[in-house]
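# Summary of structural features
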Amino acid sequence: MEEMLLLLREDGDASHVLNTLHGRGGRVLQRYGRNVIVIEGDERVKSTLADTSDIIGVYTSEVPEGQMPTNDFSGSLGISAWNLRQSENYARTKANRPGQGLSWGDPAFEREG
């Protein structure tokens, strides 16, 4: 399973997209505004949704700057967060966090700061 960001058209039918997603075994992880949904799914989910007319794009990496919704602040914020998580710097920082992989209650866990 892979995380993907769906960018719906302004007039896209979110109900139809979500029914298609769930029918193919995918699941919603996060929703930002009306037009941005972060999902988890396999290649079958990805290809099915990419062919859906309600969707502008299905992204597994950074969303291009020109695709940002202009009248959906929550959606733009969600895409900005998604793009940050796709960056090399984010991955490197996350991989080198103190206590990475340990539960917070583990005696070896070292708090940040």
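Along each chain, residues carry numbers from 1 onward, in the same order as the chain's sequence is written. Residue-level local features of this predicted model are given only where pLDDT is at least 70; pairs of side-chain atoms are given and counted only at 80 or more, and the full residue set underlies all totals for whole chains, interfaces and linings. The side-chain quantities take in all heavy atoms of the structure and omit both hydrogens and water.

### Some points on the nonpolar core
Of all hydrophobic cores here, the largest spans 13 residues; its most connected members are Leu 6, Ile 39 and Leu 49. We count a stretch as a helix when DSSP gives it H or I for four or more residues in a row; a strand needs E for two or more, and each element gets its number in order from the N terminus. Elements supplying a minimum of two residues to this core: β1 (2–8), α1 (14–23), β3 (36–41), α2 (43–50) and β4 (55–59). With four residues, α1 is the single largest residue contributor to this core. Note on definitions: a residue-residue contact is assigned when non-hydrogen atoms from the two residues lie within 4.5 Å. Leaving out residues up to four positions away in the same chain, Leu 49 has contacts with Leu 6, Val 17, Thr 20, Leu 21, Ile 39, Ile 55 and Val 58. Nonpolar core, defined: a set of buried Ala, Val, Leu, Ile, Met, Phe, Trp, Tyr and Cys residues in which side-chain atoms within 4.5 Å join the residues together. Classification of residues uses two cut-offs on accessible area relative to the type maximum, computed with a 1.4 Å probe and protein chains only: under 20% is buried, over 50% is exposed, and between them is partly exposed. With nine residues, the next largest nonpolar core counts Val 63, Met 68, Ile 79 and Trp 82 among its residues.

### Points about the environment of Val 28
Take Val 28: it is sitting in strand β2 (residues 27–32). Judged by its relative accessible area of 31%, Val 28 is partly exposed. Here the alpha-carbon distance between Val 28 and Val 38, two residues 10 residues apart in the chain, equals 6.2 Å.

### So, the packing of α1 against α2
Think of each axis as a best-fit line through the C-alpha atoms, taken over the contacting stretch in the case of a helix, with angles from 0 to 180 degrees between the N-to-C directions. Between α1 and α2, the least distance of the axes is 9 Å, while the angle of their chain directions is 155 degrees. In terms of orientation, α1 lies roughly antiparallel with respect to α2. When the axes of α1 and α2 are compared, the crossing they make is right-handed. Seen from α1, the contacting residues are Val 17, Thr 20, Leu 21 and Gly 23; seen from α2, they are Arg 44, Val 45, Thr 48 and Leu 49. When residue character is reported, Ala, Val, Leu, Ile, Met, Phe, Trp, Tyr, Cys and Pro are called nonpolar, Asp, Glu, Lys and Arg charged, and the others, Gly included, polar. Split into classes, the residues belonging to the contact of α1 with α2 amount to four nonpolar, three polar and one charged. The cut-offs work like this: below 35 degrees is roughly parallel, past 145 is roughly antiparallel, 65 to 115 is roughly perpendicular, and the gaps in between are oblique. Crossing handedness: left-handed means the near helix sits turned counterclockwise from the far one by under a right angle, and right-handed means the same turn made clockwise.

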